[in-house]
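# Residue-level structure breakdown
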Amino acid sequence: MINILENISLKRYNTFGIDAKARYFIKVHSIDDIFDLLQTKQFQENRRIILGGGSNLLFRSDFQGLVILVEIKGVHFEGSTKSNTILKVASGENWTDFVELCVKNRLYGLENLVSIPGKVGAAPVQNIGAYGVEQKDYLHKVEYIDSTTGNIEVVDKDECKFEYRSSVFKGNLEGKAIITNVYYELSREWKPNINYKDIKQELDKFSFVKPDAEYVLNTVKRIRKRKLPDPLDIGNAGSFFKNPVVDESQFLTLKEKYPDIPYFLSNDKYKIPAAYLIEKCGWKGRSVGNCGVYDKHSLILVNYGNASGEEIYQLSENIRQSVQEQFGILLEREVIVVE
Ligand code: EPU
C-alpha cells in the first residue's frame, strides 16, 4: 500500500537544506508502488517532480504539487561480454555507494565520479561528470515507466541523447519518465583516466605510488573534500551553473582582454570555467544575507543555515547579471529551479 503524505517539509530531502513544503509527498519502494501511484488522483491532478538525492535542485518556494521520492533498491548482474560486465542498478541506490561497490568488485570506469552526491536514477538525467569522465561513457541503457501510458520502456545509450549535463530526460521525456533501473557496462580491466589537471597534480605529489583504481578513487575523494563543501556541513547543490561554451572568435576577444582565461577545447568550441568568470566579478567568498558563494570554489552557492530558496535564486540572478555585464556571457543554471 502506498501512503501519500501532505504538507511535508522538504528540508531533509534537498542538499541545499531549503525548508520548502510539498503539498503532497510519496516514497515509492518498487515498480508496483509506481503503478499504484499512477492510479491516484493526487498523481493525475497535480504537477509532479521526481526526487533522487535532491542534490541538483533549488526549491524557490513551497511546491504545490506532488513530490515523488524514488527509493527502489538493488544491484544485479545482468550479463557480460568478453571484457565487460553489465550491472542493473535500481534508481534509488546511492551513487557513491554504487561506484565504490564496483571498484571493490573489480569493475572499472566510474571511479572518477565517486563522491558526486545523489542517487543512481539522477545520474543519466543530467549526465553527471567529473575529472574527464561522464556517466554516459559507461551507460548501457535506462529503464523507466512512462507516466502517460503506464508502460515500462527502455532507451539505449544513443536514444538517451547525452550531452554536457543534459539528456532526453531533460528534453522529450521531461516530466514523463520515472527512471526505475540504470544499466552500466563496466570494464573488468582497469584503464586509468588520470589526465585531468587536479588528479594529475595530486598523483604527482606521491609519484612513487603506482596508482590502481582504488588509489584513484581515494584521490578523487580527497580532491573533492578539499574543494567542495559537504552538504551535511553547508547546504549546497554542487556546481550551480554550467560552464559556458563559446566559439573561437568570442574566445579570442576574451583572451585579449583576459590573457589568463582558462578553457577546455571541446568539439572545436571553447568551454570556459564559470568559476573563473564568477571569481573575476568579485563574488568568490562573498555572503549575502543567509547565503553566499563558497570561498574555496566560486561555482558553488551555499546556504549558511536559514536561506530561503528565493534568496539563493536572487543571488544567482545577481551573479548572472554581473557575468553578463563584464564578459557578455549569460550563464545557464545547472541546478533545476522548482517553482
Ligand atoms: N576556477 C576558478 N575559481 C574557482 C574554482 C575554479 O577560477 O573558484 C577555475 C580554475 O581555472 C580551474 C577551473 O576553474 O582550473 C576548473 O575548475 P574545476 O576543476 O574545479 O572544475 P569546474 O569546471 O569548476 C566541473 C564540473 C564539476 C566537476 C569538476 C571536475 C560543471 C558545471 N562542473 O567544475 O561538477 O566536479 O568539473 O571535473 O561542469 C557538478 O556538476 O555539480 C560538479 C561539481
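Parameters at a glance
- For every chain, the first residue of its written sequence is number 1, and the numbers climb from 1 along that sequence.
- In keeping with the predicted nature of the model, local features appear solely for residues at pLDDT of at least 70, side-chain atom pairs appear and are counted solely at 80 or more, and the whole-chain, interface and lining totals rest on all residues.
- Neither water nor hydrogens contribute to the side-chain values; these are computed over all heavy atoms in the structure.
- In this text, near means that some heavy atom of the residue lies within 4 Å of the molecule or strand in question.
- Counted as a polar contact is a pair of N or O atoms within 3.5 Å, where, for protein atoms, one must be capable of donating a hydrogen and the other of accepting one, and residues adjacent in sequence contribute only when both atoms are in side chains.
- Reported accessibility uses the Shrake-Rupley method at a 1.4 Å probe radius. Residues are deemed covered only where the shown protein chains occlude them.
- Only rings of Phe, Tyr and Trp enter the pairing, Trp through its six-membered ring, and a pair is recorded when the two centres are within 6.5 Å. The plane angle decides the type: under 30 degrees is stacked, over 60 is edge-to-face, the rest tilted.
- When the NZ atom of lysine or the CZ atom of arginine is within 6 Å of a ring's centre and also within 35 degrees of its normal, the charge is said to sit over that ring.
- By definition here, a salt bridge exists when the distance from a side-chain nitrogen of Lys or Arg to a carboxyl oxygen of Asp or Glu is within 4 Å.
- Runs of H or I in DSSP of at least four residues are treated as helices and runs of E of at least two as strands, each being numbered from the N terminus.
- For every residue, the accessible area (1.4 Å probe, protein chains only) is compared with the maximum for its type, and the residue is labelled buried under 20%, exposed over 50%, or partly exposed between those bounds.
- For this analysis, residues touch if any pair of their heavy atoms sits within 4.5 Å.
- When DSSP finds two or more bridges between a pair of strands, those strands are recorded as paired.
- Domains are outlined according to an automatic or database domain assignment.
- Here the quantity called buried area is the total loss of accessible area, with a 1.4 Å probe, experienced by two parts when brought into contact, counted for both.
- Among buried residues, those of type Ala, Val, Leu, Ile, Met, Phe, Trp, Tyr and Cys that are joined through side-chain atoms within 4.5 Å constitute a nonpolar core.

## Details of the site of the ligand
Taken together, 24 residues lie near the ligand, and Tyr 131, Tyr 164, Glu 279, Lys 284 and His 297 sit nearest. Contact between the ligand and Tyr 196: an oxygen atom at 2.8 Å from a side-chain N or O atom of the residue. In the environment of the ligand, an oxygen atom lies 3.0 Å from a nitrogen or oxygen atom belonging to the side chain of Glu 334. Burial of the ligand by the protein amounts to 85% of the accessible area it has alone, namely 820 Å².

## Details of the packing of aromatic side chains
Enumeration over the complete set of coordinates arrives at 13 aromatic pairs. An aromatic cluster of at least three residues, connected via ring pairs, comprises Phe 16, Phe 240 and Phe 241. Across from the ring centre of Phe 43, 4.0 Å away, lies the NZ or CZ of Arg 48, which sits over that ring.

## Quick notes on the pattern of salt bridges
Scanning the model with the defined rule gives 18 salt bridges in all. Asp 260 is paired through a salt bridge with Lys 280; the nearest N and O atoms lie 3.5 Å apart. Taken together, the residues span a long stretch of sequence, with Asp 260 in the loop between α6 (248-257) and β15 (264-266) and Lys 280 in helix α7 (residues 274-280) at a distance of 20 residues. With a relative accessible area of 47%, Asp 260 lands in the partly exposed category.

## With respect to the environment of Lys 280
Overall, the relative accessible area of 37% leaves Lys 280 in the partly exposed class. Residues Lys 280 and Tyr 258 lie 22 residues apart in sequence; the distance between their C-alpha atoms is 9.8 Å. The residues contacting Lys 280, other than those within four sequence positions of it, are Asp 260, Gln 326 and Phe 327.

## Brief notes about the sheet that holds β15
If you walk across this open sheet you meet the 3 strands as β14-β16-β15, and the pairing is antiparallel. Each edge of the open sheet carries a strand with a single partner, namely β14 (245-246) and β15. With 3 bridges connecting them, β15 and strand β16 (residues 269-271) associate as antiparallel partners. Within the sheet, the bridge partner assigned to Phe 264 lies in β16 and is Lys 271.

## Observations regarding the domain arrangement of the protein
Per the domain assignment, the segments making up the protein are domain 1 (5-70), domain 2 (75-187) and domain 3 (235-338). On a C-alpha basis, the centroid separation for the pair domain 1 and domain 3 is 29 Å. On the domain 3 side, the residues contacting the 14 residues of domain 1 number 20 residues. In total, domain 1 and domain 3 occlude about 1,400 Å² of area from one another, counting both sides; carbon and sulfur atoms represent 56% of this. Scanning the region where domain 1 abuts domain 3 turns up 1 salt bridge. Here Glu 310 makes a salt bridge to Arg 60, at a shortest N to O gap of 2.6 Å.

## Side note on the environment of Arg 106
Structurally, the position occupied by Arg 106 is in the loop between α3 (95-104) and β8 (129-130). Owing to a relative accessible area of 59%, Arg 106 belongs among the exposed residues under this scheme. Expressed as a C-alpha distance, the spacing of Arg 106 and Arg 188, which sit 82 residues apart in the sequence, is 6.2 Å. Here Arg 106 is in contact with Ser 187 and Arg 188, once residues within four sequence places are set aside.

## Topic: the nonpolar core
Of all hydrophobic cores here, the largest spans 47 residues; its most connected members are Leu 277, Ile 278, Ile 312 and Ile 319. Elements with a minimum of two residues in this core: β2 (21-28), β3 (48-51), β4 (57-59), β5 (63-70), α6, α7, β18 (291-293) and α8 (309-327). When residues in this core are grouped by element, the largest group, 6 residues, is from α8. Residue assignment places this core across two domains, with domain 1 (5-70) and domain 3 (235-338) each supplying three or more. With 42 residues, the next largest nonpolar core counts Leu 87, Val 89, Cys 160 and Ile 199 among its residues.

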